[in-house]
Amino acid sequence: MSRFNFFKKSGDKTEGAFFALESQNKLNQKKKNQTKLVLLILTVLPLLIALYHYLPLLVDSFTYDLIKLKPESHLGEAINFFFYDTIKILILLFLISSLMGVVNAYFPVDRLRIYLTTKKIYGLEYLFASFFGAVTPFCSCSSIPLFIGFVKGGIPLGVTFAYLITSPLVNEVAVAMFLGLFGIKATVIYAGSGILMGMMGGFFLGKLKLDKYLSDWVRQIQDNAIQENEEWNGEKTSFIDRLPTIIKDGWDIVRKVLLYVIIGIAIGAAMHGYVPEYFFTEFLSADKWYAIPLAVILAVPMYANAAGVVPIIQVFVAKGVPLGTAIAFMMAIVGLSLPEATLLKKVMKWKLISIFFGTITLFIILLGYLFNLVL
Amino acid sequence: MEIKVLGTGCSKCKSLEKATKEAVEKTGVNATITKVEDIVEIMNFGVMTTPALVVNGEIVVKGRVPSVDEIAKLLSK
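This is a predicted model, so every value here is computed, not measured.

1. Quick word on the nonpolar core
All names here are of chain A.
Consideration 1: Ranked by size, the top nonpolar core spans 110 residues in total, and within it V173, A176, M177, A328, F329, M330 and A332 carry the most contacts.
Consideration 2: When residues of this core are assigned to their parent elements, the largest contribution, 10 residues, is made by helix α15 (residues 323–335).
Consideration 3: A domain-level breakdown of this core finds at least three residues from each of domain 1 (20–106) and domain 2 (108–224 + 266–374).
Consideration 4: Filtering out sequence-adjacent residues up to four positions away, M177 remains in contact with I89, A306, A307 and V310.

Below, the structure is given as structure tokens:
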């Protein structure tokens, strides 16, 4: 109906202004492309969801009927696990990355900053900053400019830290992997505690008055902090025009981590089939008090992305390691890394980076104990 | 026309620079493209999410990499 209206309206216009015919053609072409895009999404999305839904059946019939492996055999179990998890995670990763892309494209960064500088609602600013960190990806493109932007706007350092803690910790890749391998409950706990930790960590670091350990040029900016109230409204590209880029970005993320996902799941699948039940419990079970600190301290210097780590952690959990210890381990790997430290070096002195890392390590360990107690 | 690509050197910034060059070639406008990598200078534009595109001193895109066609459209305005 609305399409019909559009053509009718455009018909009237062309009658009135003949010279506009060419641009009108272009407009129709654009409209056609948009319709094509919408139709494509309307077909691909249900297909993906259907595939996700029937995946266990499909993979079962592939491994057990088509290539005739026995369900009881180690190899059969491993192959089944590998195909099922890889496909499932790729679907989730693509959907969640695209969804996060949409959120990101419309997240009012400037408005948030003005809000954080002008309104002082006790505690709530930490929640906003931390939540903001969760929806933005942590990369050199966004994190440092945002950090400076916050400092420049006169936002307290603690609130800025809340953002900085959550940003690498909760990201689309980690969420997709958790959702695929541990289910909704564990994902909510992971994301929720990530945000909570950003708030607590930010609040704690803010109390320490660490401003003097910022890099000198950042301090200068901080001294000249001004409350900016101007809002940027240059972005006029419509949603439907931005959608292809957003979907492409989502696909790029999938492509970038594809190899890690496959390697991670392959190792996980091999372990799944061959490592005996309760193998790891000897060192990492809940009743060993040193399990969590050990897991976290081992994980801090490790640099790996969530895509490769979560499948292996899932095997740990399947073989008897408590979920809390596993989440703490995962947080330490994803949230703290050497590349992040070098990135932060641009804006803070080593001392501040050490305090920052030390505080987060401590908080992760505490969270780990809490998880094991509650879960 | 003076075009500036703001970016700290991440992969997205590079793809924005590339897309901008292509768009300039495509539209045939007379423009100079400079890449601004210094974070202090970037901050002076008031940009918080890179990459960003500045045309004649005005920020037209920030925080994302638009398609070549979209940049071309922005340039021919």
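2. What about the interface of chain B and chain A?
Consideration 1: Listed by partner, the interface residues are 20 residues for chain B and 18 residues for chain A.
Consideration 2: Within the residue set of the side of chain B that touches chain A, elements represented by two or more residues are α1 (11–27), α2 (39–44) and β4 (58–62) of chain B.
Consideration 3: Looking at the side of chain B that touches chain A residue by residue, the classes come out as 13 nonpolar, four polar and three charged.

3. Details of the domain arrangement of chain A
All names here are of chain A.
Consideration 1: Splitting chain A by domain gives domain 1 (20–106) and domain 2 (108–224 + 266–374).
Consideration 2: Placing a centre on the C-alpha atoms of domain 1 and another on those of domain 2 gives a separation of 29 Å.
Consideration 3: Its residues assigned to classes, the side of domain 1 that touches domain 2 shows 10 nonpolar, three polar and three charged.

4. Considering the confidence of the model for chain B
All names here are of chain B.
Consideration 1: Here chain B averages 84 in pLDDT, and 99% of its residues register 70 or above.
Consideration 2: When pLDDT is averaged over each element of chain B, strand β1 (residues 2–6) comes out on top at 90 and α2 at the bottom at 79.
Consideration 3: Model confidence for the complex: the whole-complex pTM is 0.77, and ipTM, which rates the interface, is 0.73.

5. A look at the pairing of strand β2 (residues 32–36) of chain B
Regular strands place their side chains on alternate faces of the sheet.
Residues and elements named next belong to chain B.
Consideration 1: Inspection of the sheet shows β1 paired to β2 by five bridges, in the parallel sense. Across the sheet, residue I3 finds its bridge partner in β2, namely I33.
Consideration 2: Note that the unit made of β1, α1 and β2 has a crossover that is right-handed.

6. Thoughts on the packing of helix α6 (residues 143–152) of chain A against helix α10 (residues 216–223) of chain A
Residues and elements named next belong to chain A.
Consideration 1: Where α6 meets α10, the closest approach of the two axes is 8 Å, and the angle between their N-to-C directions is 40°. By the angle between their axes, α6 is oblique relative to α10. Contact residues: I148, V151 and K152 in α6; V218, I221 and Q222 in α10.

7. Some points on helix α17 (residues 350–374) of chain A
Consideration 1: Its 25 residues place the ends of α17(A) 36 Å apart at the C-alpha level, agreeing with the 36 Å of an ideal helix rising 1.5 Å per residue.
Consideration 2: If you check which residues of α17(A) are buried, you get A:L352, A:F356, A:I360, A:T361, A:F363, A:I364, A:L367, A:G368, A:F371 and A:N372.

8. Brief notes about unusual backbone geometry
Among all residues save glycine, negative phi is the norm, and among peptide bonds the norm is trans.
Consideration 1: For A:K209, which is not glycine, the phi torsion reads 55° and is therefore positive.
Consideration 2: In this fold, A:K209 is placed in the loop between α9 (184–207) and α10.
Consideration 3: Backbone geometry places B:N56, a non-glycine residue, at a positive phi of 50°.
Consideration 4: Structurally, B:N56 can be placed in the loop between β3 (52–55) and β4.
Consideration 5: C-beta crowding within 10 Å serves as the criterion here: with 10 such atoms nearby, B:N56 is assigned to the exposed category.

9. Here we look at the sheet that holds β1(B)
All names here are of chain B.
Consideration 1: Taken in spatial order, the four strands of this open sheet run β2-β1-β3-β4, and their pairing is mixed. The two strands at the open ends of the sheet, each matched to only one other strand, are β2 and β4. This sheet shows a mean twist of 20° between the axes of neighbouring strands, independent of strand direction.
Consideration 2: Lying over the sheet, α1 contacts β1, β2 and β3, oriented at roughly 160° with respect to β1.

10. Section: the environment of A:F82
Residues and elements named next belong to chain A.
Consideration 1: You can see F82 is positioned in helix α3 (residues 74–106).
Consideration 2: Distance in space between the C-alpha atoms of F82 and E340 is 31 Å, their sequence separation being 258 residues.
Consideration 3: With near-sequence residues (within four places) excluded, F82 lies in contact with I265, A266 and A269.

11. Concerning the environment of A:G153
Consideration 1: By secondary structure assignment, the location of A:G153 is in the loop between α6 and α7 (157–169).
Consideration 2: For A:G153 and A:L116, which are 37 residues apart along the polypeptide, the C-alpha to C-alpha distance reads 8.8 Å.

Conventions adopted
Residues numbered from 1 in each chain as written. Chains lettered and ligands numbered in written order. Predicted model: local features only at pLDDT ≥ 70, side-chain atom pairs only at ≥ 80, totals over all residues. Core = buried A, V, L, I, M, F, W, Y, C linked by C-beta atoms within 7 Å. Buried ≥ 20, exposed ≤ 12 C-beta atoms within 10 Å, placed from the backbone. Helix = DSSP H or I, 4+ residues; strand = E, 2+ residues; numbered from the N terminus. Domains from an automatic or database assignment. Contact = placed C-beta atoms within 7 Å. Nonpolar A, V, L, I, M, F, W, Y, C, P; charged D, E, K, R; others polar. pLDDT = per-residue confidence, 0-100. Pairing = 2+ DSSP bridges. Right-handed = clockwise from strand over helix to strand, strands pointing away. Axes fitted to C-alpha atoms, helices over the stretch in contact; angles between N-to-C directions. Parallel < 35°, antiparallel > 145°, perpendicular 65-115°, else oblique. Expected span 1.5 Å × (residues − 1).

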